[in-house]
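The primary structure of each chain is shown beneath.
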Amino acid sequence: MSASLPSSMRKLVVKTLTSNFRKAVEIQTVPLPNPASGHVLVKNHFVGINASDVNFSAGKYDPSKQPPFDAGFEAIGEVVAVGDGVSQSFIGKSVAHLSNGAFSEFQAVAGKSILEIPSMQPQYIPCLVSGMTAKLALQESGNLKPNEKVLVTAASGGTGQFAVQLAKLAGCHVIGTCSSDKKVNFLKSIGCDHAINISTENLGQVLKEHYPHGVDVVYESVGGETYETCVNRLAVKGRLIVIGYISGYQQPMGVATTTSARGAAALPVKMLMKSSSVTGFFLFHYANQWKSAFQELSDLYVAGKLTCMVDDGSSERKGGFRGIDDVTDAVDYLYSRKSVGKIVVNLASSGSKL
């Protein structure tokens, strides 16, 4: 490898299984890896923060995986070295990648899995986990038709922003939930037809009043009582897509408690009487479609047809989130419900905490 590269790097490692991300991880300094045959070494410039980072740190997605293991799973960066079987022409290219261990200053990644990007803009980070989840979930499970009513929960978040815009591009009427007037304004700016501030409005009542016949598709990521409300407000032949349950991610049992135990028991009856459906979607089951989905989203962004809002935390601290040390703060920021769009951390330089 080039003599200009450092001999060591810093990364986040899960040392204890817990949904408290700050307690789960520690920063370790390790030797810089040599890319194996067919792999490239990427200097990560920006990493994305996901609500499900706490699920991985708690071992909820793969109970067989025991610490220590690397944290984070999406980044964009620059190829700085290549292994055998990979063309030297890749060195210097800007790439995106979706792979375990992204909360690291450098990362060895399989060459076949990297995604080339035109430039090192953080706006390409949202097109990975967040954007691909929205695109593939709506594509595979939504079966969107023009003029249908689509409800997106947590619509101003990393993946919600994509669900809103993709549904609009499909010719749908889009309803989005959020938790502040600032987020309402953001949703309106990306084309959301009806933004609902659930901090001041009752979701169930608003849906019943404005959409008495129900909504055709729900893109649901909150869980708990929000999920129950969405089930109850489905239209005949409605489709509810569960892509997450953030209200329960930090709970000991992993799910949010609700006031209605009867709701789950009544679900089959509700589905039957409306010919409706509830479908789960987990991005990692669709890996064979990642490259095409990412390319389509990137093309829409470059063409100016898609907004990829990023939140670097600059509203919280001067200079925003910078360096490996700030990743835990960025995760906490996500759960504060203050962020708008996709939270990113700049690893290219470290900043002060002023």
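Details of the structure are given in the entry above.
Here, residues in each chain are numbered from 1, in the same order as that chain's written sequence. Reporting of local features is limited, given that this is a predicted model, to residues whose pLDDT is at least 70; pairs of side-chain atoms are given and counted only at 80 or more, and all residues count toward the totals for whole chains, interfaces and linings. Excluding hydrogens and water, the side-chain figures rest on all heavy atoms present in the structure.

**Q** How would you explain the pairing of strand 13 (residues 234–242) if you had to name every residue and give the values?
**A** In this analysis, strands are considered paired if DSSP registers two or more bridges between them. Only runs of H or I of at least four residues qualify as helices and only runs of E of at least two qualify as strands under DSSP, and these elements are numbered from the N terminus. The pairing of strand 12 (residues 215–220) with strand 13 spans 5 bridges and is parallel. What sits directly across from V218, in strand 13, is L240. For the handedness criterion, the β-α-β arrangement of strand 12, helix 7 (residues 224–232) and strand 13 is classed as right-handed. The path from the first strand over the helix to the second decides the hand: if it runs clockwise while the strands point away from the viewer, the crossover is right-handed.

**Q** Go over the sheet that holds strand 2 (residues 25–31) with me, naming the residues and quoting the values.
**A** The 3 strands lie next to each other as 2-1-4, forming an open sheet whose pairing is antiparallel. At either end of the open sheet lies a strand with only one pairing partner, and these are strand 2 and strand 4 (69–70). In this sheet, strand 4 lies alongside strand 1 (residues 8–14) in antiparallel orientation, the contact comprising 2 bridges. By the bridge assignment for strand 4, V13 is matched with D70.

**Q** Quick one: what's the story with the environment of D84, residue by residue and with numbers?
**A** By the secondary structure assignment, D84 is in the loop between strand 5 (75–82) and strand 6 (94–97). A sequence separation of 60 residues divides D84 from A24, and the C-alpha atoms of the two residues are 35 Å apart. When checking whether two residues touch, look at their non-hydrogen atoms; a contact exists if any pair is within 4.5 Å. Excluding its chain neighbours within four sequence positions, the residues that come into contact with D84 are A36, S37 and G38.

**Q** Run through the packing of helix 3 (residues 129–142) against helix 4 (residues 160–169), naming residues and quoting values.
**A** As a rule, the C-alpha atoms of each element are fitted with a line to give its axis, helices using only the stretch in contact, and angles between N-to-C directions run from 0 to 180 degrees. Packing of helix 3 against helix 4 brings their axes to within 8 Å, and their N-to-C directions diverge by 40°. Of the possible angle classes, the one that applies to helix 3 and helix 4 is oblique. Crossing handedness for the pair helix 3 and helix 4: right-handed. Between helix 3 and helix 4, the contacting residues are S130, G131, A134, K135 and L138 on the first element and F162, A163 and L166 on the second. Any residue that is not Ala, Val, Leu, Ile, Met, Phe, Trp, Tyr, Cys, Pro, Asp, Glu, Lys or Arg is counted as polar, Gly included; the first ten are nonpolar and the last four charged. Looking at the contact of helix 3 with helix 4 residue by residue, the classes come out as 5 nonpolar, 2 polar and 1 charged. Reported orientations rely on four angle classes, namely roughly parallel under 35 degrees, roughly antiparallel over 145, roughly perpendicular from 65 to 115, and oblique for the rest. Two helices that cross are described as forming a left-handed crossing if the nearer one is turned anticlockwise from the farther one by less than a right angle, and a right-handed crossing if clockwise.

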